[in-house]
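# Structural features, examined
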Amino acid sequence: MTARLLYVMDPMCSWCWGFAPVAAALIGQARDAGVETHLVPGGLRSGSSALDASTRRYILEHWQAVNQATGQPFQLEGAMPEGFVYDTEPACRALVAARSLDAQAAWGLLGLIQQAFYQRGEDVTLAPKLVELAERAGFDRGAFADAFNSSDTRATTAADFTWVQDLGIAGFPTLLAERNGQLALLTNGYQALDALQPLLGRWLEHSAHA
């Protein structure tokens, strides 16, 4: 019997940032039961053009809503300055590169990318910034840069995006439970921990006896 969780998300998705403490608690709950979690970057926005003023205003209003619903901190002032291209592919690719080098350390990089973007207003679409964050997460700078720029990592990132689209996952965060190749949906979209903990607990208990 094989069992794992699949966390489908995007490091530049505000609801995923809002969900981060919930995700951490659920991943820990699963790990305590001997079930690991596989990180799948889903590709929220890819190849976008520079934000116009109305789109920026809409996104910042969205961030405020996430802050109010989840309590996660956001720096709104100066976020996404004029000319900012909201392309999440590089940040997603950074996670794929990290996953290929050290799957456990990839979780630390995810947190650093989210904090840099949402709490400090840093441009995490830029390769030098992602390499800097990866080094802070414990990766060798050169090895990470090579992995980030490799054609294999680009292809794997595109394949992850396609897999998510083919499953029909339209929103992030999404948490799936997989047992013997069969997928069960734990959540599509933000939910509070007290709603999801019992649900995951039942699935883990069932998995243990399957």
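Residues numbered from 1 in each chain as written. Predicted model: local features only at pLDDT ≥ 70, side-chain atom pairs only at ≥ 80, totals over all residues. Heavy atoms only, no water.

As recorded by an unreviewed UniProt entry, the protein carries the name DsbA family protein and is attributed to Pseudomonas brassicae.

Counting residues in each nonpolar core, the largest one holds 64 residues, and the members touching the most others are Trp63, Tyr86, Leu109 and Phe144. The leading source of residues in this core is helix H4 (residues 103–120), at ten residues. Those residues in contact with Phe144, other than ones at most four positions away along the chain, are Ala94, Ala97, Ala98, Leu101, Leu109, Leu130, Val131, Ala134 and Phe139. (Core = buried A, V, L, I, M, F, W, Y, C linked by side-chain atoms within 4.5 Å. Buried < 20%, exposed > 50% of the residue type's maximum accessible area, 1.4 Å probe, protein only. Helix = DSSP H or I, 4+ residues; strand = E, 2+ residues; numbered from the N terminus. Contact = heavy atoms within 4.5 Å.)

Residue placement: Asn149 occurs in helix H6 (residues 141–149). Exposure remark for Asn149: the relative accessible area of 45% places this residue in the partly exposed category. Sequence spacing of Asn149 and Ala97 is 52 residues, and the spatial spacing of their C-alpha atoms is 8.6 Å. When residues no more than four places from it in sequence are discounted, the contact partners of Asn149 are Arg93 and Arg154. Here Ala145 takes part through its backbone oxygen, which lies 3.0 Å from a polar atom of the side chain of Asn149. (Polar contact = N/O pair within 3.5 Å; in protein donor to acceptor, adjacent residues only side chain to side chain.)

With that out of the way, let us pick up the packing of aromatic side chains. Taken as a whole, this structure holds 15 aromatic pairs when the rule is applied. For the pair Trp63 and Phe74, a centre-to-centre distance of 5.6 Å together with 35° between the ring planes defines the contact as tilted. Of this pair, Trp63 sits in helix H2 (residues 53–70) while Phe74 sits in the loop between H2 and helix H3 (89–101), placing them eleven residues apart in sequence. An identical accessibility class is assigned to Trp63 and Phe74; each is buried. Here the aromatic rings of Trp63 and Phe117 are separated by 5.5 Å at their centres, their planes lie at 80°, and the arrangement is edge-to-face. Placement of the pair is Trp63 in helix H2 and Phe117 in helix H4, with a sequence separation of 54 residues. By the burial criterion, Trp63 is buried, and Phe117 matches it. Following the ring pairs from residue to residue traces out a cluster consisting of Trp17, Trp63, Phe74, Phe84, Tyr86, Phe117 and Tyr118. (Phe/Tyr/Trp six-rings, centres within 6.5 Å; stacked < 30°, edge-to-face > 60°.)

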